[in-house]
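Next come the chains, spelled out residue by residue.
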Amino acid sequence: MQVSALASLVGVTPDTVRYYARIGLLDPAIDADNGYRRFKNADVTRLRFVLRARRLGFHLDEIAEILGMSDCGQTPCPVVREIVERRIAETRERVAELQALQARLEQALALWAGMPNGEPDGHATCALIDATGDELQHTSAA
């Protein structure tokens, strides 16, 4: 099947299929008559695997490593477990950062509730932000 047929079957854009082929996640045969990429049923399975891994938060280089291990007859499961454990920790950290940001935003909005919109006076860019100073709960401003 051609790029567009595979894309339609799996529910992605043809550009996604081309990109995954270009970076080596898919390895289509090339039709000698017209140069078109030709995908097999195994490519459908492989692309669906890639999409499932992406939905779980795996990066493309991690997916390439997993596929490469499997292609060589090695089980990638220990690597997958390690990546997921690391990703859970990273996600918890990001969630905590987002919760802290939400708290700061809510504090700022409450602080600004009675304040009028200011006019630029050459000294302050936005009176609301300037009014917060260091009063808000401080966490990393990364």
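This structure is a prediction, so every number in the text was calculated from the model and none was measured.

Trainee: I would appreciate a short explanation of the packing of helix 1 (residues 3–10) against helix 3 (residues 41–55) in the present structure.
Mentor: Helix-helix packing is described using two parameters, namely the angle between the two axes and the distance between the axes. Packing of helix 1 against helix 3 brings their axes to within 11 Å, and their N-to-C directions diverge by 50°. In terms of orientation, helix 1 and helix 3 fall into the oblique class. The hand of the helix 1/helix 3 crossing is right-handed. Of the residues in helix 3, those touching helix 1 at Leu 6, Leu 9 and Val 10 are Val 44, Leu 47, Arg 48 and Leu 51. For the contact of helix 1 with helix 3, the class distribution of residues is six nonpolar, no polar and one charged.

Trainee: I keep staring at a nonpolar patch on the surface and nothing clicks. Help me out?
Mentor: On the surface, a nonpolar cluster with roughly 290 Å² of combined accessible area is contributed by Leu 98, Leu 101 and Leu 105. With respect to the helices and strands, Leu 98 occurs in helix 5 (residues 77–112).

Trainee: Please explain the pattern of salt bridges as it appears in this structure.
Mentor: Note on pairing: side chains with opposite charge can pair once their charged atoms come close. If you walk through the whole model with that rule in mind, you get eight salt bridges. Between Arg 18 and Asp 15 there is a salt bridge, with the nearest N and O atoms lying 3.0 Å from each other. Of this pair, Arg 18 and Asp 15 both sit in helix 2 (residues 14–22), separated by three residues, roughly a single helical turn. Sharing partners across several salt bridges, the network here consists of Glu 62, Glu 82, Arg 86, Arg 87 and Glu 90.

Trainee: Is there a simple way to explain the packing of aromatic side chains in this structure?
Mentor: The relative placement of two aromatic rings is captured by the distance of their centres and the angle of their planes. Under the counting rule described, the total for this entry stands at one aromatic pair. For the pair Tyr 19 and Tyr 20, a centre-to-centre distance of 6.1 Å together with 50° between the ring planes defines the contact as tilted. Owing to a relative accessible area of 35%, Tyr 19 belongs among the partly exposed residues under this scheme. Classification of Tyr 20 by relative accessible area gives buried; the value is 7%.

Trainee: Help me understand the side chain of Asp 43, please; the structure alone is not making it clear to me.
Mentor: Within the secondary structure, Asp 43 sits in helix 3. One buried charge, Asp 43, has no salt-bridge partner; the nearest side chain with opposite charge is Arg 46, at 5.8 Å. Here Asp 43 is in contact with Leu 26, Asp 27 and Arg 38, once residues within four sequence places are set aside.

Trainee: Just checking my understanding: could you explain helix 4 (residues 60–71) for this structure?
Mentor: Its 12 residues give helix 4 an end-to-end C-alpha distance of 16 Å, which sits within 8% of 16 Å, the value for a rise of 1.5 Å per residue. Every buried residue of helix 4 is listed here: Leu 60, Glu 62, Ile 63, Ile 66, Leu 67 and Met 69. In this structure, the buried residues of helix 4 make contact with helix 2, helix 3 and helix 5.

Trainee: Got a minute to help me understand the nonpolar core in this structure?
Mentor: Note on soluble globular proteins: their nonpolar side chains tend to be buried together. Within the largest apolar cluster, 24 residues are counted, with the highest numbers of intra-cluster contacts made by Leu 6, Val 17, Tyr 20, Leu 25, Leu 26, Leu 47 and Ile 63. If you list the elements that add at least two residues to this core, you get helix 1, helix 2, helix 3, helix 4 and helix 5. Contacts of Leu 6, omitting those with residues within four sequence positions, involve Met 1, Val 17, Leu 26, Phe 39, Val 44 and Leu 47.

Trainee: Teacher, can you tell me more about the packing of helix 4 against helix 5 here?
Mentor: Between helix 4 and helix 5, whose axes approach to 10 Å, the crossing angle comes to 160°. In terms of orientation, helix 4 lies roughly antiparallel with respect to helix 5. Considering the relative orientation of helix 4 and helix 5, their crossing is left-handed. From helix 4, Glu 62, Glu 65, Ile 66 and Met 69 reach across to helix 5, where they touch Val 79, Val 80, Ile 83, Arg 86 and Arg 87.

Trainee: Sorry if this is basic, but what is going on with the domain arrangement of the protein chain here?
Mentor: Quoted interface sizes are often the accessible area lost when the parts come together. Segmentation of the protein chain into domains returns domain 1 (1–57) and domain 2 (75–117 + 125–135). For domain 1 versus domain 2, the distance between C-alpha centres works out to 37 Å.

Calculation criteria
Residues numbered from 1 in each chain as written. Predicted model: local features only at pLDDT ≥ 70, side-chain atom pairs only at ≥ 80, totals over all residues. Heavy atoms only, no water. Axes fitted to C-alpha atoms, helices over the stretch in contact; angles between N-to-C directions. Helix = DSSP H or I, 4+ residues; strand = E, 2+ residues; numbered from the N terminus. Parallel < 35°, antiparallel > 145°, perpendicular 65-115°, else oblique. Left-handed = near helix turned anticlockwise from the far one by under 90°. Contact = heavy atoms within 4.5 Å. Nonpolar A, V, L, I, M, F, W, Y, C, P; charged D, E, K, R; others polar. Patch = residues over 30% accessible without salt bridge, like charges linked within 9 Å, V, L, I, M, F, W, Y side chains within 5 Å. Areas by Shrake-Rupley, 256 points an atom, 1.4 Å probe, with all protein chains shown as cover. Salt bridge = Lys/Arg side-chain N within 4 Å of Asp/Glu carboxyl O. Phe/Tyr/Trp six-rings, centres within 6.5 Å; stacked < 30°, edge-to-face > 60°. Buried < 20%, exposed > 50% of the residue type's maximum accessible area, 1.4 Å probe, protein only. Lys, Arg positive; Asp, Glu negative; His and termini not counted. Expected span 1.5 Å × (residues − 1). Core = buried A, V, L, I, M, F, W, Y, C linked by side-chain atoms within 4.5 Å. Domains from an automatic or database assignment.

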